[in-house]
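# A structural walkthrough
Here are the chains, one letter per residue:
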Amino acid sequence: MSVTALHPAPVPHSPIDEIAPMVERLRATFDAGRTRPLEWRRGQIEALMRFAEENGDALVEALRLDFGKPELEARVSDIGQIAGEAKLALKNLKKWTRPEGAGTVPLLGKSFVVRDPLGVVLIIAPWNYPVGLLLSPLVGALAAGNAVVLKPSEVTPHTSAVLGEQLPKYLDTDAIAIVEGGVEETTALLEQRFDHIMYTGNGHVGKIVMAAAAKHLTPVTLELGGKSPCIVDRTADLEVTARRIAWGKFMNAGQTCIAPDYLLVDEAIEEELIRELEKCVQQFYGGETKDNPDYTRVVNERHHERVAKLIEGEEVAFGGATDAEDCFIEPTVLRNVSPDAPVMQDEIFGPVLPVLRTKNLDEAIDFITAREKPLALYLFSTDESAEQRILSETSSGGVCINGTILQIGNPKMPFGGVGPSGMGAYHGRHSFETFSHRKAVLRRGFRFDMKMMYPPYTKARTRLVKKML
């Protein structure tokens, strides 16, 4: 076994019969107005920051045990999300919650918009970044003044256990609860009435969440995924391009919802780009990737089997080694891949990168637009016209030019999908808005009351109104 071997653990479970009473308890807290004051909101966000700081080591160890995640990746790409979101919310909370003027229509009165908390919201997190993707949206929900139910992933049980044991010590448990477990617990949660549900994960479960929410007319935010394409044209700096693609693809062993899923490469540079990618993998992980503590494992046996099967029957440019016992799959690049191949049908979510040749940008754009809208789209090029065409002729949740993954790093930008890759967005103020209701308010005075508005509607009044409209 490698130095990063997985350590299976029993999945923590919350009692199912306590879920409904727990949701009602949180609703009573919200209805009592406890979560509305800005002081409460600030206090909970500050407590969340203390949790992340004081339990950072325990979370890093849990992530290592769950799927061999190296400490630097755990801290930067997972745990580190919390501080950035929290600091931004604390700095701007007063401004975000201030009534917003909406202009004035003559004779009607003063118009403005206020942000109301929605009520009791549910956040369901995935396993690939099980800390950040649970607690980052929590910041926005707290900033908006909601009560919150948190559902961490059962696929990373060590991490779930740390969250379940430690988080209640920091937060107001009458307003914020955590439910652990798998399908049964999630099903029981979805039977409850919430005022908003945010789910991050795959499209299949996303449909289940949306169907359950529809029974209560509950709005949803769905952060899904899809096959995020990466275009490389002949104007790109291939050494830098390869380094950035290899980092974005093989970080977390490809288990990132916005990882490049496949490459569309100008046929004139395909060979050179593959050589550069192989060099990068060697530089990143050395000749024995399996023994390198900087390389994550596939999260469990089921996902290992699924990803490993995608390599079968394909032409491997480099990599391809697997070890089911250790949930290891070597960074792998495939070439001469058919668009109809199994590896091109669904999101890979693993360290396997298919390369497809294209004759030109037209062909690449046609390939992308013929398929479902992805969560991310990448372009490597120095041609400004190519950039403009990608932005104007394709649709995706987000775009990154000459880079990968980093578009998620700015909390002031919305992060979300479009179509099958999701609906709604969050991060920073966008999280606050997601978990708020924008309530329209009109205020009138008593000094002027236009009587012609009221019956009886005489012909003279009707003629006058027609002239005014």
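Each remark here, short or long, concerns the structure printed above.
Let me sum up the structure you'll find in this document. (Residues numbered from 1 in each chain as written. Predicted model: local features only at pLDDT ≥ 70, side-chain atom pairs only at ≥ 80, totals over all residues. Heavy atoms only, no water.)

## Considering the nonpolar core
With 109 residues, the main nonpolar core has Leu135, Val149, Leu150, Val232 and Leu277 as its most contacted residues. Excluding its chain neighbours within four sequence positions, the residues that come into contact with valine 149 are Met22, Val23, Leu26, Val120, Val121, Leu122, Ile123, Ala177, Val179, Leu189 and Phe194. (Core = buried A, V, L, I, M, F, W, Y, C linked by side-chain atoms within 4.5 Å. Buried < 20%, exposed > 50% of the residue type's maximum accessible area, 1.4 Å probe, protein only. Contact = heavy atoms within 4.5 Å.)

## Considering the side chain of serine 14
Take serine 14: it is sitting in the segment before helix H1 (19–31). From its side chain, serine 14 meets the backbone nitrogen of glutamate 180 in a polar contact 2.8 Å long. Excluding residues within four positions of it along the chain, serine 14 makes contact with Ile178, Val179, Glu180 and Glu185. (Helix = DSSP H or I, 4+ residues; strand = E, 2+ residues; numbered from the N terminus. Polar contact = N/O pair within 3.5 Å; in protein donor to acceptor, adjacent residues only side chain to side chain.)

## Quick word on the sheet that holds strand E18 (residues 436–443)
Ordered by their spatial adjacency, three strands build an open sheet running E1-E2-E18, and the pairing between neighbours is antiparallel. Looking at which strands have only one partner, the edges of the open sheet turn out to be strand E1 (100–105) and E18. Along the sheet, successive strands turn relative to each other by an average axial angle of 25 degrees, direction set aside. Of the pairings in the sheet, the one linking strand E2 (residues 109–117) to E18 comprises eight bridges and is antiparallel in character. Across the sheet, the residue bridging to aspartate 116 is histidine 437, located in E18. (Pairing = 2+ DSSP bridges. Axes fitted to C-alpha atoms, helices over the stretch in contact; angles between N-to-C directions.)

## Section: the pairing of strand E13 (residues 332–335)
Residue alternation in E13 divides its side chains into two sets, Thr332 and Leu334 and Val333 and Arg335, and both sets are buried. For strand E10 (residues 315–318) and E13, the ladder comprises three bridges, and the chain directions are antiparallel. Directly across from valine 316, in E13, lies its bridge partner leucine 334. Across three bridges, E13 lies against strand E14 (residues 352–358) in parallel orientation. Bridge pairing links leucine 334 to proline 354 in E14.

## Concerning the sheet that holds strand E4 (residues 147–151)
Ordered by their spatial adjacency, six strands build an open sheet running E5-E4-E3-E6-E7-E17, and the pairing between neighbours is mixed. Each edge of the sheet is formed by a strand with only one pairing partner; in this case those strands are strand E5 (176–178) and strand E17 (422–423). Looking at chain direction, strand E7 (residues 220–223) and E17 are connected through two bridges and run antiparallel. If you follow glutamate 223 over to E17, its bridge partner there is glycine 422. Against the sheet, H1 touches strand E3 (120–124), E4 and E5, its axis set at about 150 degrees to E4. Helix H7 (residues 183–190) rests against E3, E4 and strand E6 (196–200) of the sheet, and its axis sits at about 155 degrees to E3.

## A look at the pattern of salt bridges
Where charged atoms from two side chains of opposite charge approach closely, those side chains can pair. Scanning the entire structure with this criterion turns up 28 salt bridges. Residue glutamate 239 is joined to arginine 243 by a salt bridge in which the shortest nitrogen-to-oxygen separation is 3.9 Å. Taken as a pair, glutamate 239 and arginine 243 lie in helix H9 (residues 238–250) at a separation of four residues, close to a single helical turn. A residue is classified by how much of its surface remains accessible, and glutamate 239, at 48% relative accessible area, is partly exposed. When its relative accessible area of 34% is taken as the criterion, arginine 243 is described as partly exposed. A salt bridge links aspartate 326 to arginine 297, with the nearest nitrogen and oxygen atoms 2.9 Å apart. Note that aspartate 326 is positioned in the loop between strand E11 (322–323) and strand E12 (328–329) and arginine 297 in the loop between helix H10 (270–285) and helix H11 (301–311), a separation of 29 residues in sequence. Judged by its relative accessible area of 1%, aspartate 326 falls in the buried class. (Salt bridge = Lys/Arg side-chain N within 4 Å of Asp/Glu carboxyl O.)

Geometric values such as these leave the question of function open.
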